[in-house]
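# Observations on the three-dimensional arrangement
Read off the chains here:
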Amino acid sequence: MSIRSQVLLLGGVVLLILMLVPFQWYPKSWRLIYDQWFGAVEYISPSDSLELDSVKVAEDFCPPDTKGWRQAQTIAGIQIDSSPVCSPDNPYAVAAFVRGTDKMSAELLMQARLASDAVVKGRDLDGDGDPDEIHIRLEVIELNGASPDTEELMTQFEMAPGVKPGIWVFAPKSVGMSTENFVSNVAHSALRLPSPVIRIEQGDVVSITLENSHYMPHTIHFHGVDHPFLDADGEGNDGVPATSELPVMPGSSRTYEMQPRHPGTMFYHCHVQPQVHVMMGLQGMFVIEENRPNNQVQTFNIGAGLVRHRSKASTESYDREYDLHYQTLHRELSEHVQSSNDPRVVSKLMHREFNPATSDPDYFTLNGLSFPLTLREALIVTRPNEKVKLRVLNGGSEDIALHTHGHKVTISHYDGVEQTVQARITRDVVSIAPAQRLDLVLDTTNDGLHSYGEGVWLMHDHYPRGVTTDGIGPGGNVSAIVYENFLREDGWPKVSGADLAPYFDENFYKKKIPVWRGYDPDLRFAEMNNSFLVKMKLASAAALGGFAMGLLLNILFILAGRLRD
(Lines give C-alpha, C1' and ligand atoms only; values in the text may rest on other atoms or scores of the structure.)
Protein backbone atom coordinates (compact mmCIF):
# COMPACT_ATOMS: atom_id res chain seq x y z
CA MET A 1 0.00 0.00 0.00
CA SER A 2 1.34 3.41 -0.98
CA ILE A 3 2.03 6.14 1.56
CA ARG A 4 -0.86 8.13 0.10
CA SER A 5 -3.27 5.24 0.58
CA GLN A 6 -2.07 4.74 4.12
CA VAL A 7 -2.62 8.44 4.92
CA LEU A 8 -6.10 8.27 3.45
CA LEU A 9 -6.85 5.16 5.45
CA LEU A 10 -5.59 6.81 8.60
CA GLY A 11 -7.75 9.88 7.93
CA GLY A 12 -10.76 7.67 7.37
CA VAL A 13 -10.18 5.86 10.64
CA VAL A 14 -9.85 9.15 12.54
CA LEU A 15 -13.09 10.37 10.96
CA LEU A 16 -14.80 7.11 11.96
CA ILE A 17 -13.66 7.55 15.54
CA LEU A 18 -14.94 11.12 15.63
CA MET A 19 -18.29 9.91 14.32
CA LEU A 20 -18.57 7.11 16.87
CA VAL A 21 -17.48 9.06 19.93
CA PRO A 22 -20.56 10.71 21.52
CA PHE A 23 -20.66 14.45 20.87
CA GLN A 24 -20.92 15.16 24.60
CA TRP A 25 -17.47 13.64 25.09
CA TYR A 26 -15.76 16.25 22.88
CA PRO A 27 -13.82 19.06 24.58
CA LYS A 28 -15.89 22.23 24.88
CA SER A 29 -13.65 24.12 22.41
CA TRP A 30 -14.22 21.40 19.75
CA ARG A 31 -17.98 21.55 20.26
CA LEU A 32 -17.99 25.34 19.76
CA ILE A 33 -16.05 25.02 16.47
CA TYR A 34 -18.40 22.27 15.32
CA ASP A 35 -21.43 24.44 16.06
CA GLN A 36 -19.90 27.37 14.11
CA TRP A 37 -19.15 25.24 11.04
CA PHE A 38 -22.08 22.86 10.89
CA GLY A 39 -24.70 24.31 13.24
CA ALA A 40 -25.82 23.14 16.69
CA VAL A 41 -26.48 19.44 17.16
CA GLU A 42 -29.92 18.21 18.07
CA TYR A 43 -30.77 18.57 21.78
CA ILE A 44 -30.51 15.33 23.70
CA SER A 45 -32.70 15.39 26.81
CA PRO A 46 -31.29 13.88 30.02
CA SER A 47 -32.77 10.78 31.59
CA ASP A 48 -35.88 11.18 33.71
CA SER A 49 -35.55 11.38 37.50
CA LEU A 50 -36.13 8.15 39.31
CA GLU A 51 -39.33 7.91 41.32
CA LEU A 52 -38.23 6.96 44.82
CA ASP A 53 -40.09 4.72 47.17
CA SER A 54 -41.72 6.43 50.12
CA VAL A 55 -39.30 7.10 52.94
CA LYS A 56 -39.30 4.35 55.55
CA VAL A 57 -39.29 5.71 59.11
CA ALA A 58 -38.42 2.99 61.59
CA GLU A 59 -39.92 4.77 64.58
CA ASP A 60 -41.66 7.97 65.62
CA PHE A 61 -39.64 11.19 65.65
CA CYS A 62 -40.60 11.54 69.30
CA PRO A 63 -41.44 8.28 71.09
CA PRO A 64 -44.41 8.59 73.48
CA ASP A 65 -43.58 9.11 77.16
CA THR A 66 -45.44 6.02 78.33
CA LYS A 67 -43.61 5.92 81.69
CA GLY A 68 -44.30 9.55 82.61
CA TRP A 69 -40.61 10.44 82.89
CA ARG A 70 -41.04 13.99 81.53
CA GLN A 71 -43.14 15.41 84.34
CA ALA A 72 -41.86 16.95 87.57
CA GLN A 73 -42.17 14.50 90.44
CA THR A 74 -40.97 13.59 93.91
CA ILE A 75 -39.30 10.19 94.33
CA ALA A 76 -38.01 8.97 97.70
CA GLY A 77 -38.28 12.54 98.98
CA ILE A 78 -36.17 13.97 96.13
CA GLN A 79 -37.70 16.68 93.96
CA ILE A 80 -37.08 16.03 90.26
CA ASP A 81 -37.59 18.93 87.84
CA SER A 82 -39.67 18.38 84.70
CA SER A 83 -37.87 17.66 81.45
CA PRO A 84 -39.43 19.36 78.40
CA VAL A 85 -37.68 17.20 75.75
CA CYS A 86 -39.36 14.12 74.33
CA SER A 87 -36.73 11.60 75.59
CA PRO A 88 -35.92 12.53 79.21
CA ASP A 89 -33.56 10.88 81.67
CA ASN A 90 -34.90 8.24 84.06
CA PRO A 91 -36.21 10.17 87.12
CA TYR A 92 -35.78 7.10 89.36
CA ALA A 93 -32.06 7.10 88.55
CA VAL A 94 -31.90 10.86 89.24
CA ALA A 95 -33.45 10.33 92.69
CA ALA A 96 -31.04 7.49 93.44
CA PHE A 97 -28.05 9.61 92.44
CA VAL A 98 -29.16 12.44 94.75
CA ARG A 99 -30.18 10.39 97.76
CA GLY A 100 -27.63 7.57 97.34
CA THR A 101 -28.34 4.12 95.95
CA ASP A 102 -27.65 2.64 99.39
CA LYS A 103 -30.67 4.54 100.73
CA MET A 104 -33.16 3.49 98.04
CA SER A 105 -35.61 0.59 98.24
CA ALA A 106 -34.99 -2.48 96.11
CA GLU A 107 -38.13 -1.68 94.11
CA LEU A 108 -36.92 1.84 93.20
CA LEU A 109 -33.43 0.55 92.40
CA MET A 110 -34.95 -1.91 89.94
CA GLN A 111 -36.67 1.02 88.22
CA ALA A 112 -33.25 2.64 87.89
CA ARG A 113 -31.36 -0.64 87.10
CA LEU A 114 -28.63 0.33 89.59
CA ALA A 115 -26.60 -1.64 92.13
CA SER A 116 -27.16 -0.70 95.76
CA ASP A 117 -23.49 0.33 96.09
CA ALA A 118 -23.30 2.39 92.87
CA VAL A 119 -23.43 5.67 94.84
CA VAL A 120 -22.99 5.35 98.60
CA LYS A 121 -23.42 8.56 100.61
CA GLY A 122 -22.06 8.72 104.16
CA ARG A 123 -21.64 11.20 106.99
CA ASP A 124 -22.24 14.93 107.07
CA LEU A 125 -18.73 15.93 108.10
CA ASP A 126 -19.23 19.70 108.32
CA GLY A 127 -22.74 19.62 109.81
CA ASP A 128 -24.38 21.66 107.03
CA GLY A 129 -27.14 19.20 106.20
CA ASP A 130 -25.73 17.22 103.28
CA PRO A 131 -23.51 14.11 103.05
CA ASP A 132 -19.79 14.78 102.57
CA GLU A 133 -18.57 11.19 102.20
CA ILE A 134 -19.26 9.84 98.70
CA HIS A 135 -18.24 6.43 97.31
CA ILE A 136 -18.87 5.98 93.58
CA ARG A 137 -18.46 2.73 91.62
CA LEU A 138 -17.95 2.69 87.85
CA GLU A 139 -17.86 -0.17 85.36
CA VAL A 140 -16.63 -0.29 81.75
CA ILE A 141 -19.30 -1.32 79.23
CA GLU A 142 -18.97 -2.14 75.54
CA LEU A 143 -21.86 -1.00 73.35
CA ASN A 144 -22.58 -2.31 69.85
CA GLY A 145 -19.99 -5.05 70.27
CA ALA A 146 -19.68 -8.41 68.52
CA SER A 147 -21.08 -11.65 69.90
CA PRO A 148 -19.87 -15.23 69.27
CA ASP A 149 -23.48 -16.44 69.37
CA THR A 150 -25.24 -14.13 66.91
CA GLU A 151 -24.58 -11.77 64.02
CA GLU A 152 -26.57 -9.09 65.83
CA LEU A 153 -24.65 -6.41 67.71
CA MET A 154 -24.97 -6.70 71.47
CA THR A 155 -26.06 -4.02 73.97
CA GLN A 156 -27.04 -1.73 71.13
CA PHE A 157 -26.94 2.05 71.32
CA GLU A 158 -28.00 4.04 68.24
CA MET A 159 -26.33 7.45 67.87
CA ALA A 160 -28.11 8.25 64.57
CA PRO A 161 -30.67 6.28 62.51
CA GLY A 162 -28.98 2.98 61.70
CA VAL A 163 -25.58 4.20 62.99
CA LYS A 164 -24.25 1.90 65.74
CA PRO A 165 -20.47 2.10 66.04
CA GLY A 166 -18.63 0.05 68.64
CA ILE A 167 -18.17 2.16 71.80
CA TRP A 168 -16.68 1.82 75.29
CA VAL A 169 -18.16 3.83 78.16
CA PHE A 170 -17.86 4.23 81.90
CA ALA A 171 -21.20 3.55 83.58
CA PRO A 172 -22.59 3.50 87.14
CA LYS A 173 -22.50 0.00 88.60
CA SER A 174 -25.71 -1.71 87.53
CA VAL A 175 -27.59 -4.93 88.17
CA GLY A 176 -29.45 -7.37 85.98
CA MET A 177 -29.38 -7.48 82.20
CA SER A 178 -27.55 -4.86 80.19
CA THR A 179 -30.47 -4.74 77.75
CA GLU A 180 -34.02 -3.42 78.07
CA ASN A 181 -35.52 -6.90 78.44
CA PHE A 182 -35.04 -10.57 77.57
CA VAL A 183 -35.97 -10.22 73.90
CA SER A 184 -34.16 -6.95 73.14
CA ASN A 185 -30.57 -6.20 72.16
CA VAL A 186 -31.02 -2.51 73.02
CA ALA A 187 -29.05 -1.24 76.03
CA HIS A 188 -31.06 0.00 79.00
CA SER A 189 -31.11 3.73 79.66
CA ALA A 190 -28.16 3.85 82.10
CA LEU A 191 -25.79 2.29 79.53
CA ARG A 192 -25.09 4.78 76.80
CA LEU A 193 -22.78 7.39 75.34
CA PRO A 194 -21.49 9.67 76.80
CA SER A 195 -20.03 8.38 80.04
CA PRO A 196 -22.05 10.07 82.80
CA VAL A 197 -21.30 13.45 84.31
CA ILE A 198 -19.99 13.02 87.87
CA ARG A 199 -21.12 15.75 90.27
CA ILE A 200 -19.81 16.27 93.81
CA GLU A 201 -19.57 19.18 96.23
CA GLN A 202 -16.44 21.16 96.99
CA GLY A 203 -14.74 19.61 100.04
CA ASP A 204 -16.45 16.21 99.77
CA VAL A 205 -14.31 13.20 100.69
CA VAL A 206 -14.69 11.15 97.52
CA SER A 207 -13.71 7.58 96.67
CA ILE A 208 -14.20 6.38 93.09
CA THR A 209 -13.78 2.67 92.46
CA LEU A 210 -13.22 1.39 88.94
CA GLU A 211 -14.52 -2.19 88.77
CA ASN A 212 -13.05 -3.26 85.45
CA SER A 213 -15.73 -5.47 83.94
CA HIS A 214 -14.14 -5.12 80.49
CA TYR A 215 -11.67 -7.32 78.58
CA MET A 216 -9.02 -4.55 78.28
CA PRO A 217 -6.90 -2.84 80.96
CA HIS A 218 -8.12 0.62 82.01
CA THR A 219 -7.57 3.43 84.52
CA ILE A 220 -9.24 6.73 85.36
CA HIS A 221 -7.36 10.03 85.25
CA PHE A 222 -9.13 13.00 86.86
CA HIS A 223 -8.17 15.83 84.53
CA GLY A 224 -8.30 19.21 86.28
CA VAL A 225 -9.73 17.68 89.47
CA ASP A 226 -7.83 18.45 92.69
CA HIS A 227 -6.43 15.06 93.85
CA PRO A 228 -3.22 13.80 95.49
CA PHE A 229 -0.61 11.91 93.47
CA LEU A 230 -0.61 9.09 96.05
CA ASP A 231 -3.54 7.76 98.06
CA ALA A 232 -3.55 7.16 101.82
CA ASP A 233 -1.79 3.80 101.35
CA GLY A 234 0.97 5.30 99.22
CA GLU A 235 -0.40 3.84 95.97
CA GLY A 236 -0.61 5.74 92.71
CA ASN A 237 -3.71 7.95 92.46
CA ASP A 238 -3.31 9.77 89.13
CA GLY A 239 -4.51 7.03 86.77
CA VAL A 240 -1.43 7.18 84.49
CA PRO A 241 0.30 3.80 83.96
CA ALA A 242 3.58 5.34 82.83
CA THR A 243 4.15 7.37 86.01
CA SER A 244 1.54 6.55 88.65
CA GLU A 245 0.41 2.92 88.67
CA LEU A 246 -0.24 -0.26 86.76
CA PRO A 247 -3.47 -0.48 84.74
CA VAL A 248 -6.55 -2.06 86.27
CA MET A 249 -6.63 -5.46 84.60
CA PRO A 250 -9.88 -7.19 83.57
CA GLY A 251 -11.71 -8.49 86.63
CA SER A 252 -9.77 -6.22 89.00
CA SER A 253 -10.61 -2.93 90.71
CA ARG A 254 -8.90 0.18 92.03
CA THR A 255 -10.16 3.00 94.23
CA TYR A 256 -9.11 6.61 93.66
CA GLU A 257 -9.28 9.12 96.50
CA MET A 258 -9.75 12.89 96.47
CA GLN A 259 -11.12 15.87 98.39
CA PRO A 260 -11.37 18.64 95.78
CA ARG A 261 -10.92 22.16 97.11
CA HIS A 262 -11.63 24.12 93.92
CA PRO A 263 -15.06 24.15 92.19
CA GLY A 264 -15.46 24.02 88.44
CA THR A 265 -16.10 21.96 85.32
CA MET A 266 -13.45 19.25 84.93
CA PHE A 267 -12.85 16.05 82.97
CA TYR A 268 -12.19 12.36 83.64
CA HIS A 269 -10.95 9.73 81.20
CA CYS A 270 -9.03 6.49 80.79
CA HIS A 271 -5.24 6.96 80.52
CA VAL A 272 -4.36 3.49 79.17
CA GLN A 273 -3.51 3.96 75.48
CA PRO A 274 -5.48 7.23 75.63
CA GLN A 275 -5.11 7.91 71.90
CA VAL A 276 -7.52 4.98 71.46
CA HIS A 277 -9.44 4.49 74.72
CA VAL A 278 -10.47 8.14 75.12
CA MET A 279 -11.66 8.24 71.51
CA MET A 280 -13.64 5.02 72.11
CA GLY A 281 -15.78 6.89 74.67
CA LEU A 282 -14.02 6.35 78.02
CA GLN A 283 -14.37 9.98 79.06
CA GLY A 284 -16.84 12.13 80.97
CA MET A 285 -17.46 15.51 82.55
CA PHE A 286 -16.58 15.98 86.23
CA VAL A 287 -18.30 18.86 88.03
CA ILE A 288 -17.31 20.17 91.46
CA GLU A 289 -20.13 22.31 92.85
CA GLU A 290 -19.57 25.21 95.23
CA ASN A 291 -20.14 24.31 98.89
CA ARG A 292 -23.54 25.36 100.20
CA PRO A 293 -25.65 24.27 103.21
CA ASN A 294 -28.08 21.41 102.58
CA ASN A 295 -26.64 20.96 99.09
CA GLN A 296 -27.61 17.49 97.87
CA VAL A 297 -26.19 17.22 94.36
CA GLN A 298 -27.09 14.83 91.54
CA THR A 299 -23.98 12.63 91.61
CA PHE A 300 -24.51 11.28 88.07
CA ASN A 301 -26.16 12.93 85.08
CA ILE A 302 -26.89 10.07 82.68
CA GLY A 303 -26.92 11.22 79.07
CA ALA A 304 -25.77 14.68 80.17
CA GLY A 305 -28.20 17.38 79.06
CA LEU A 306 -30.60 18.95 81.52
CA VAL A 307 -29.67 18.75 85.20
CA ARG A 308 -32.96 17.73 86.82
CA HIS A 309 -31.87 18.26 90.44
CA ARG A 310 -29.65 21.34 90.55
CA SER A 311 -27.19 22.47 93.21
CA LYS A 312 -27.84 25.41 95.51
CA ALA A 313 -25.24 27.53 93.67
CA SER A 314 -26.98 26.85 90.36
CA THR A 315 -30.44 27.77 91.65
CA GLU A 316 -29.05 30.99 93.15
CA SER A 317 -27.81 32.34 89.81
CA TYR A 318 -29.52 30.47 86.96
CA ASP A 319 -32.94 29.34 85.82
CA ARG A 320 -31.67 26.10 84.22
CA GLU A 321 -28.44 24.18 83.78
CA TYR A 322 -27.24 21.90 80.97
CA ASP A 323 -24.20 19.66 80.56
CA LEU A 324 -23.01 19.54 76.93
CA HIS A 325 -20.44 16.87 76.02
CA TYR A 326 -19.05 16.94 72.46
CA GLN A 327 -17.19 13.91 71.11
CA THR A 328 -15.65 12.51 67.93
CA LEU A 329 -15.50 8.81 67.00
CA HIS A 330 -13.64 6.83 64.35
CA ARG A 331 -15.45 4.26 62.21
CA GLU A 332 -12.24 2.23 61.84
CA LEU A 333 -11.86 1.88 65.61
CA SER A 334 -15.50 0.92 66.04
CA GLU A 335 -15.23 -1.76 63.37
CA HIS A 336 -12.25 -3.30 65.14
CA VAL A 337 -14.28 -4.10 68.27
CA GLN A 338 -17.04 -5.50 66.06
CA SER A 339 -14.66 -7.77 64.11
CA SER A 340 -13.68 -10.25 66.83
CA ASN A 341 -14.31 -11.44 70.38
CA ASP A 342 -10.68 -12.36 70.92
CA PRO A 343 -9.01 -9.60 73.00
CA ARG A 344 -5.65 -10.44 71.42
CA VAL A 345 -7.03 -9.72 67.96
CA VAL A 346 -8.87 -6.57 69.06
CA SER A 347 -5.84 -5.27 70.95
CA LYS A 348 -3.55 -5.75 67.96
CA LEU A 349 -5.97 -4.02 65.59
CA MET A 350 -6.61 -1.07 67.92
CA HIS A 351 -3.28 -0.52 69.63
CA ARG A 352 -0.75 -1.52 66.96
CA GLU A 353 -2.39 -1.25 63.56
CA PHE A 354 -4.69 1.76 64.03
CA ASN A 355 -2.79 5.02 63.48
CA PRO A 356 -4.55 8.07 64.94
CA ALA A 357 -2.05 10.35 63.20
CA THR A 358 -3.45 9.36 59.80
CA SER A 359 -7.10 8.78 60.72
CA ASP A 360 -9.81 11.42 60.73
CA PRO A 361 -13.00 11.08 62.81
CA ASP A 362 -16.21 10.01 61.09
CA TYR A 363 -18.83 10.65 63.77
CA PHE A 364 -19.51 13.88 65.69
CA THR A 365 -21.84 13.76 68.67
CA LEU A 366 -23.46 15.96 71.29
CA ASN A 367 -24.35 14.08 74.47
CA GLY A 368 -23.81 10.82 72.65
CA LEU A 369 -26.13 11.52 69.71
CA SER A 370 -25.96 12.92 66.19
CA PHE A 371 -28.67 14.80 64.29
CA PRO A 372 -31.59 14.14 64.01
CA LEU A 373 -31.62 12.18 67.29
CA THR A 374 -30.15 15.23 69.06
CA LEU A 375 -33.60 16.80 68.64
CA ARG A 376 -35.04 14.17 70.99
CA GLU A 377 -32.99 14.99 74.07
CA ALA A 378 -29.99 17.28 73.39
CA LEU A 379 -31.97 20.50 73.02
CA ILE A 380 -31.43 23.64 75.10
CA VAL A 381 -35.01 24.47 76.11
CA THR A 382 -35.63 27.89 77.65
CA ARG A 383 -38.04 30.82 78.04
CA PRO A 384 -37.56 34.56 77.45
CA ASN A 385 -35.64 36.52 80.10
CA GLU A 386 -33.84 33.53 81.58
CA LYS A 387 -30.21 32.90 82.46
CA VAL A 388 -29.09 29.40 81.56
CA LYS A 389 -25.79 27.82 82.57
CA LEU A 390 -24.12 25.68 79.90
CA ARG A 391 -21.18 23.50 80.93
CA VAL A 392 -19.38 22.49 77.74
CA LEU A 393 -16.71 19.79 77.33
CA ASN A 394 -14.86 19.11 74.09
CA GLY A 395 -13.96 15.44 74.48
CA GLY A 396 -13.13 15.04 70.79
CA SER A 397 -9.88 15.02 68.87
CA GLU A 398 -10.51 18.27 66.99
CA ASP A 399 -11.29 21.90 67.83
CA ILE A 400 -14.91 22.98 68.02
CA ALA A 401 -16.24 26.33 66.80
CA LEU A 402 -19.54 26.31 68.67
CA HIS A 403 -22.04 28.68 67.04
CA THR A 404 -25.34 29.72 68.60
CA HIS A 405 -27.93 31.05 66.14
CA GLY A 406 -30.04 33.93 67.43
CA HIS A 407 -27.94 34.37 70.58
CA LYS A 408 -24.57 35.44 71.90
CA VAL A 409 -23.23 33.61 74.94
CA THR A 410 -20.81 34.88 77.59
CA ILE A 411 -17.80 32.81 78.70
CA SER A 412 -17.73 32.83 82.51
CA HIS A 413 -15.15 30.06 83.15
CA TYR A 414 -12.25 28.45 81.30
CA ASP A 415 -11.30 24.94 82.52
CA GLY A 416 -13.09 25.53 85.81
CA VAL A 417 -11.44 28.89 86.49
CA GLU A 418 -13.84 31.81 86.87
CA GLN A 419 -13.11 34.91 84.78
CA THR A 420 -13.41 38.41 86.17
CA VAL A 421 -16.33 40.44 84.84
CA GLN A 422 -13.88 42.58 82.82
CA ALA A 423 -12.32 39.49 81.21
CA ARG A 424 -15.58 37.86 80.15
CA ILE A 425 -16.21 37.65 76.41
CA THR A 426 -19.62 37.63 74.73
CA ARG A 427 -19.75 36.07 71.26
CA ASP A 428 -21.72 33.78 68.95
CA VAL A 429 -18.80 31.52 67.96
CA VAL A 430 -16.88 29.95 70.84
CA SER A 431 -13.64 28.05 70.18
CA ILE A 432 -13.04 24.99 72.37
CA ALA A 433 -9.84 22.93 72.12
CA PRO A 434 -9.77 19.17 72.77
CA ALA A 435 -10.13 18.41 76.52
CA GLN A 436 -11.05 22.05 77.23
CA ARG A 437 -14.10 23.03 79.27
CA LEU A 438 -16.04 26.27 79.08
CA ASP A 439 -18.88 27.51 81.26
CA LEU A 440 -21.22 29.67 79.19
CA VAL A 441 -24.05 31.99 80.23
CA LEU A 442 -27.01 31.98 77.86
CA ASP A 443 -29.07 35.13 78.48
CA THR A 444 -32.44 35.00 76.70
CA THR A 445 -33.23 38.70 77.14
CA ASN A 446 -34.54 39.85 73.76
CA ASP A 447 -32.32 42.92 73.36
CA GLY A 448 -30.79 42.24 69.92
CA LEU A 449 -27.49 41.27 71.52
CA HIS A 450 -28.01 38.36 73.88
CA SER A 451 -31.13 37.08 72.12
CA TYR A 452 -33.05 37.95 68.94
CA GLY A 453 -36.32 36.53 70.32
CA GLU A 454 -38.15 33.24 70.57
CA GLY A 455 -37.79 30.44 68.01
CA VAL A 456 -35.98 27.22 67.15
CA TRP A 457 -32.40 28.50 66.88
CA LEU A 458 -29.75 26.11 65.59
CA MET A 459 -26.63 25.40 67.68
CA HIS A 460 -23.73 23.57 66.04
CA ASP A 461 -20.02 23.25 65.39
CA HIS A 462 -19.05 25.59 62.53
CA TYR A 463 -16.27 23.30 61.31
CA PRO A 464 -17.86 21.63 58.25
CA ARG A 465 -17.17 18.05 59.31
CA GLY A 466 -18.79 18.60 62.71
CA VAL A 467 -22.27 18.75 61.16
CA THR A 468 -21.93 15.48 59.23
CA THR A 469 -22.31 11.80 60.07
CA ASP A 470 -19.85 9.66 58.13
CA GLY A 471 -19.68 12.46 55.55
CA ILE A 472 -23.45 12.96 55.17
CA GLY A 473 -25.19 16.15 56.28
CA PRO A 474 -27.20 17.26 58.06
CA GLY A 475 -25.83 15.13 60.86
CA GLY A 476 -23.18 15.38 63.52
CA ASN A 477 -23.56 17.60 66.58
CA VAL A 478 -26.38 19.79 65.23
CA SER A 479 -28.80 20.77 68.01
CA ALA A 480 -30.90 23.83 68.84
CA ILE A 481 -31.88 26.43 71.42
CA VAL A 482 -35.66 26.03 71.56
CA TYR A 483 -38.14 28.27 73.37
CA GLU A 484 -41.00 26.50 75.11
CA ASN A 485 -43.58 28.23 72.88
CA PHE A 486 -41.89 26.45 69.95
CA LEU A 487 -42.20 22.97 71.46
CA ARG A 488 -45.07 20.61 70.75
CA GLU A 489 -46.80 18.99 73.71
CA ASP A 490 -44.68 15.85 73.25
CA GLY A 491 -41.42 17.84 73.41
CA TRP A 492 -40.62 17.88 69.69
CA PRO A 493 -39.55 21.28 68.25
CA LYS A 494 -41.99 23.00 65.88
CA VAL A 495 -39.71 23.12 62.86
CA SER A 496 -40.76 25.11 59.80
CA GLY A 497 -38.32 23.67 57.29
CA ALA A 498 -38.19 20.44 55.35
CA ASP A 499 -39.87 17.16 56.12
CA LEU A 500 -37.54 15.43 58.60
CA ALA A 501 -38.65 11.92 57.65
CA PRO A 502 -35.72 11.22 55.27
CA TYR A 503 -33.24 11.93 58.05
CA PHE A 504 -34.86 9.23 60.19
CA ASP A 505 -34.46 6.64 57.44
CA GLU A 506 -31.22 4.72 58.04
CA ASN A 507 -30.68 4.62 54.26
CA PHE A 508 -30.05 8.38 54.34
CA TYR A 509 -26.82 7.87 56.28
CA LYS A 510 -25.97 4.88 54.09
CA LYS A 511 -25.88 7.39 51.19
CA LYS A 512 -28.82 5.78 49.38
CA ILE A 513 -31.23 8.76 49.53
CA PRO A 514 -30.70 12.14 47.78
CA VAL A 515 -29.90 14.73 50.44
CA TRP A 516 -32.77 17.07 49.44
CA ARG A 517 -35.41 14.34 49.33
CA GLY A 518 -37.41 16.09 52.06
CA TYR A 519 -38.14 19.24 50.03
CA ASP A 520 -37.76 18.32 46.37
CA PRO A 521 -41.26 17.18 45.23
CA ASP A 522 -40.37 17.79 41.59
CA LEU A 523 -37.42 15.36 41.84
CA ARG A 524 -34.99 17.89 40.37
CA PHE A 525 -32.15 16.46 42.47
CA ALA A 526 -33.23 12.81 42.60
CA GLU A 527 -31.40 9.80 41.19
CA MET A 528 -31.28 9.57 37.40
CA ASN A 529 -33.48 6.90 35.87
CA ASN A 530 -30.75 5.08 33.97
CA SER A 531 -33.02 2.55 32.30
CA PHE A 532 -31.79 -0.59 30.52
CA LEU A 533 -32.07 1.15 27.12
CA VAL A 534 -30.01 4.14 28.28
CA LYS A 535 -27.38 1.85 29.75
CA MET A 536 -27.23 -0.16 26.50
CA LYS A 537 -26.72 3.02 24.47
CA LEU A 538 -23.88 4.13 26.70
CA ALA A 539 -22.32 0.67 26.64
CA SER A 540 -22.60 0.51 22.82
CA ALA A 541 -21.00 3.93 22.41
CA ALA A 542 -18.18 2.94 24.73
CA ALA A 543 -17.67 -0.35 22.88
CA LEU A 544 -17.59 1.31 19.46
CA GLY A 545 -15.26 3.98 20.72
CA GLY A 546 -12.95 1.34 22.16
CA PHE A 547 -13.03 -0.68 18.91
CA ALA A 548 -12.23 2.40 16.83
CA MET A 549 -9.40 3.39 19.18
CA GLY A 550 -7.92 -0.11 18.98
CA LEU A 551 -8.16 -0.06 15.18
CA LEU A 552 -6.41 3.30 15.06
CA LEU A 553 -3.59 2.08 17.28
CA ASN A 554 -3.10 -1.01 15.10
CA ILE A 555 -2.89 1.13 11.96
CA LEU A 556 -0.41 3.44 13.58
CA PHE A 557 1.76 0.47 14.58
CA ILE A 558 1.61 -0.86 10.97
CA LEU A 559 2.52 2.54 9.54
CA ALA A 560 5.36 2.98 11.98
CA GLY A 561 6.74 -0.44 11.03
CA ARG A 562 6.58 0.24 7.30
CA LEU A 563 8.15 3.66 7.61
CA ARG A 564 10.95 2.11 9.65
CA ASP A 565 11.46 -0.55 6.93
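Below: a short report on this structure. The structure presented is a predicted model; accordingly, all values stated were derived computationally and were not measured.

## A word on helix 3 (residues 91-99)
- Counting buried positions over the 9 residues of helix 3 gives 8, a clear majority of the element.
- Restricting attention to buried positions, one finds in helix 3 the residues Pro91, Tyr92, Ala93, Val94, Ala95, Ala96, Phe97 and Val98.
- Tucked into the core, helix 3 has its buried residues touching strand 1 (73-75), strand 2 (78-80), helix 4 (106-112), strand 3 (119-121), strand 5 (167-172) and strand 12 (300-301).
- The N-capping residue of helix 3, defined by a side-chain oxygen 2.9 Å from the backbone nitrogen of Tyr92, is Asn90.

## Looking at the side chain of Ser340
- Structurally, Ser340 is set in the loop between helix 7 (331-337) and helix 8 (343-353).
- Exposure remark for Ser340: the relative accessible area of 16% places this residue in the buried category.
- A distance of 3.0 Å separates a polar atom in the side chain of Ser340 from the backbone nitrogen of Asp342.

## Structural notes on unusual backbone geometry
- Going from Leu193 to Pro194, the amide bond is cis rather than trans, its omega being 0 degrees.
- Within the fold, Pro194 resides in the loop between strand 5 and strand 6 (197-201).
- The peptide bond linking Phe371 to Pro372 adopts the cis configuration, its omega dihedral lying at 10 degrees.
- With respect to the element layout, Pro372 can be found in the loop between strand 15 (363-366) and helix 9 (374-377).
- If you check the backbone angles, Asp415 has positive phi at about 50 degrees while not being a glycine.
- Here Asp415 is to be found in the loop between strand 19 (409-414) and strand 20 (417-418).

## Focus: the nonpolar core
- One finds Met159, Leu324, Leu390 and Leu440 to be the most contacted residues of the largest nonpolar core, which totals 57 residues.
- Judged by nonpolar contacts, the second largest core, of 54 residues, contains Ile80, Tyr92, Leu108 and Phe170.

The rules behind the values
Residues numbered from 1 in each chain as written. Predicted model: local features only at pLDDT ≥ 70, side-chain atom pairs only at ≥ 80, totals over all residues. Heavy atoms only, no water. Buried < 20%, exposed > 50% of the residue type's maximum accessible area, 1.4 Å probe, protein only. Helix = DSSP H or I, 4+ residues; strand = E, 2+ residues; numbered from the N terminus. Contact = heavy atoms within 4.5 Å. Polar contact = N/O pair within 3.5 Å; in protein donor to acceptor, adjacent residues only side chain to side chain. Core = buried A, V, L, I, M, F, W, Y, C linked by side-chain atoms within 4.5 Å.

Remember, this is a structural readout, not a statement about activity or role.
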